[in-house]
Amino acid sequence: GKSASTQYSANDWAAPSHPSPEQQVETKLMIQSALQKLPHVQREVIILYYYYGYKQREIAHITDVPLSTVKTRLRAGTGKLQEIFHQAGLRSAWES
């Protein structure tokens, strides 16, 4: 796995090793639509964590919820995203 400080790019989510521009756009759209399927609270922590690189403690402060809640939302959200990607035949960055 990657360390928590690693920033994920859209390319980390795509199955092909050298995706074409069309595949990159398709993947980005898939990620966006997958994120839209998550409850707002899960989407929020996932975006802050994976896209903006905030630490879990910082996210707890930003969203004004306990650290344990942030961890739960991240776990639940990434689990749901994995499911969505799996159904779509995409390998996600979180799968080991």
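Above: the structure in question.
As a starting point, this report considers the structure included with it. (Residues numbered from 1 in each chain as written. Predicted model: local features only at pLDDT ≥ 70, side-chain atom pairs only at ≥ 80, totals over all residues. Heavy atoms only, no water.)

## Quick word on the overall build of the chain
On a plain count of helices and strands, the chain comes out with four helices and zero strands. Written out in order from the N terminus, the α and β elements of the chain read α-α-α-α. Relative to its full complement of 96 residues, the chain shows a buried share of 34%. Pairs at least 24 apart in sequence give 52% of the contacts found in the chain among residues at least 6 apart. (Helix = DSSP H or I, 4+ residues; strand = E, 2+ residues; numbered from the N terminus. Buried < 20%, exposed > 50% of the residue type's maximum accessible area, 1.4 Å probe, protein only. Contact = heavy atoms within 4.5 Å.)

## Some words on the packing of helix α3 (residues 56-63) against helix α4 (residues 67-87)
The N-to-C vectors of α3 and α4 enclose an angle of 105°; their axes lie 8 Å apart at closest approach. The orientation of α3 relative to α4 falls into the category roughly perpendicular. Here α3 contributes Q56, R57, I59, A60 and T63 to the contact with α4, which in turn contributes L67, V70, K71 and L74. Of the residues contributing to the contact of α3 with α4, the split by class is five nonpolar, two polar and two charged. (Axes fitted to C-alpha atoms, helices over the stretch in contact; angles between N-to-C directions. Parallel < 35°, antiparallel > 145°, perpendicular 65-115°, else oblique. Nonpolar A, V, L, I, M, F, W, Y, C, P; charged D, E, K, R; others polar.)

## Let's talk about helix α2 (residues 40-51)
The end-to-end C-alpha distance of α2, which contains twelve residues, comes to 15 Å, matching closely the 16 Å that a straight helix rising 1.5 Å per residue would cover. Regarding α2, the residues found buried are Q42, R43, V45, I46, L48, Y49 and Y50. If you follow the buried residues of α2, they end up packed against α1 (21-36), α3 and α4. (Expected span 1.5 Å × (residues − 1).)

## Topic: the packing of aromatic side chains
Enumeration according to the criterion identifies one aromatic pair in this entry. Judged by centre distance (4.9 Å) and plane angle (90°), the rings of Y49 and Y50 are edge-to-face. With respect to burial, Y49 and Y50 carry one shared label: buried. (Phe/Tyr/Trp six-rings, centres within 6.5 Å; stacked < 30°, edge-to-face > 60°.)

## Concerning the environment of I59
Within the element layout of this structure, I59 appears in helix α3. Considering only alpha carbons, one finds I59 and Y49, ten residues apart in sequence, at a separation of 7.4 Å. Excluding residues that lie within four positions of it along the chain, I59 makes contacts with V45, L48, Y49, Y54, D64 and V70.

So, to be careful, I would describe these as geometric facts and stop short of saying anything about function.
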